[in-house]
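Chain by chain, the residues run as shown.
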Protein chains: 2
Amino acid sequence: MTQSFRDKLHGEGYRLTRERQVILSFLETAKGHHDAVEIHQRLRINGHRISLATVYRTLNLLAELKAVERLCVEGQPATYEINGADQEGRPHHYHLVCSVCGRVMDMDPGSLGASMQKLEEKLPQTYDFRATGHQLTFFGVCDRCASS
Amino acid sequence: MTQSFRDKLHGEGYRLTRERQVILSFLETAKGHHDAVEIHQRLRINGHRISLATVYRTLNLLAELKAVERLCVEGQPATYEINGADQEGRPHHYHLVCSVCGRVMDMDPGSLGASMQKLEEKLPQTYDFRATGHQLTFFGVCDRCASS
DNA sequence: ATTCGTGCAAAACCTTTGCACTTAT
DNA sequence: ATAAGTGCAAAGGTTTTGCACGAAT
């Protein structure tokens, strides 16, 4: 649990509860994409009795504070991933989504990242649209599913 | 209503019903992003009594046949847009989503389209992932919302 | 002490589905 | 005639919310 998270909470008038610490810790350790129900169940297995409603409320809060990133994929519940870098509104990676099993993987933007950011800045000229971020997702078949 | 749509329907053993024609016609005329409930209501206003269930079933079918494109945006119902070009699995445009009002606009991929396609082809080398398509969405503030 | 967070259960919301009836082929 | 599509109402899954209780400040 980073100090900056505590600060952000306090800065906005939120409280540092046990539930919020537990959920954030879980995401820091689990290091992948997890939906609310999954998080709820795995916390329960680890002996934590946090209600599903609180898991949802906490994930919304963490997403708002940009402590986690929310990803919405068609036909699946929203998934949440810890936000490593503490950058402001800049997506630090893209996603690969397997159309067969639904698994979500991270992808390094590489040199593409800079081009996309430039594009983002040039958007207003053409479309009268002030972009604050973007999201790039590739769909396809992951290694596991390809080999079976 | 394109001939190719009729052919596609028949080719897969589907029937050309009045409901399907009406829904497709609506999307051809409306030319934007529309969700199921909105389509249902506007058809109703135009005197068509098509059930919401049929609207959903038809949109699923049209999406499967790639006659329309489905777009899922966080916190909003799925929207559907007529698929102009009859290309196979290749996204022909990207999206601008206004974070304030939720409006979705189309964006011409321009030269980016080719780079992205190349990237898609190179993905397996790095990530062991066979990509079949991708989706790029910019978030920000649209002209209408910026001026108010 | 006060304000905010939590748990529970109920609701909201979008979407799908079972079944009997209707329609396209 | 037959198989597929439709409408209705009910259920499904995900997420939010009202309210009374509990906990952090």
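The structure displayed is predicted, hence computed values, not measured ones.

A. View of the protein's contact with DNA strand D. Neighbouring DNA strand D are 20 residues; Tyr56 of chain A together with Arg20, Ser51, Thr54 and Arg57 of chain B lie closest to it. Counting only the atoms of DNA strand D that lie within 4 Å of the protein, the sugar and phosphate share comes to 67%. The separation between a base nitrogen of DNA strand D and a polar side-chain atom of arginine 15 of chain A is 3.0 Å. A distance of 3.5 Å separates a sugar or linking oxygen of DNA strand D from a polar atom in the side chain of glutamate 19 of chain B. Mapped by element, the contributors of at least two residues to the surface near DNA strand D are α4 (52-64) of chain A together with α2 (18-30) and α4 (52-64) of chain B. The element that contributes the greatest number of residues to the surface near DNA strand D is α4 of chain A, accounting for four residues. A class-by-class count of the residues in the surface near DNA strand D yields eight nonpolar, five polar and seven charged.

B. Broad picture of the protein's contact with DNA strand C. The environment of DNA strand C is made up of 20 residues, and the closest members are Arg15, Arg20, Thr54 and Arg57 of chain A together with Tyr56 of chain B. For DNA strand C, the fraction of protein-proximal atoms (within 4 Å) that sit in sugar or phosphate groups is 67%. At a separation of 3.4 Å, a phosphate oxygen of DNA strand C approaches a polar backbone atom of leucine 16 of chain B. Within the backbone of alanine 78 of chain B, an N or O atom sits 3.1 Å from a phosphate oxygen of DNA strand C. Breaking the surface near DNA strand C down by element, the ones donating at least two residues are α2 (18-30) and α4 of chain A together with α4 of chain B. Broken down by element, the surface near DNA strand C gets its largest block of residues, four residues, from α4 of chain B. Here the surface near DNA strand C is built from residues that sort into eight nonpolar, five polar and seven charged.

C. Layout of the interface of chain A and chain B. Taken together, the contacts link 33 residues of chain A with 33 residues of chain B. Carbon and sulfur atoms supply 66% of the area that chain A and chain B bury against each other, a total of about 2800 Å² over both sides. The largest contributions to the chain A side of the interface with chain B come from Tyr127, Phe129 and Phe138 of chain A, which together make up 22% of the buried area. Counting across the interface, chain A meets chain B through two salt bridges. Measuring nitrogen to oxygen at the nearest pair gives 2.7 Å for the salt bridge that ties arginine 70 of chain A to glutamate 74 of chain B. Among the elements of the structure, β4 (94-98), β5 (104-107), α5 (112-127), β6 (129-142) and α6 (143-146) of chain A are those that each provide at least two residues to the side of chain A that touches chain B.

What counts and what doesn't
Residues numbered from 1 in each chain as written. Chains lettered and ligands numbered in written order. Predicted model: local features only at pLDDT ≥ 70, side-chain atom pairs only at ≥ 80, totals over all residues. Heavy atoms only, no water. Near = heavy atom within 4 Å. Polar contact = N/O pair within 3.5 Å; in protein donor to acceptor, adjacent residues only side chain to side chain. Helix = DSSP H or I, 4+ residues; strand = E, 2+ residues; numbered from the N terminus. Nonpolar A, V, L, I, M, F, W, Y, C, P; charged D, E, K, R; others polar. Contact = heavy atoms within 4.5 Å. Buried area = accessible area lost by both parts, 1.4 Å probe. Salt bridge = Lys/Arg side-chain N within 4 Å of Asp/Glu carboxyl O.

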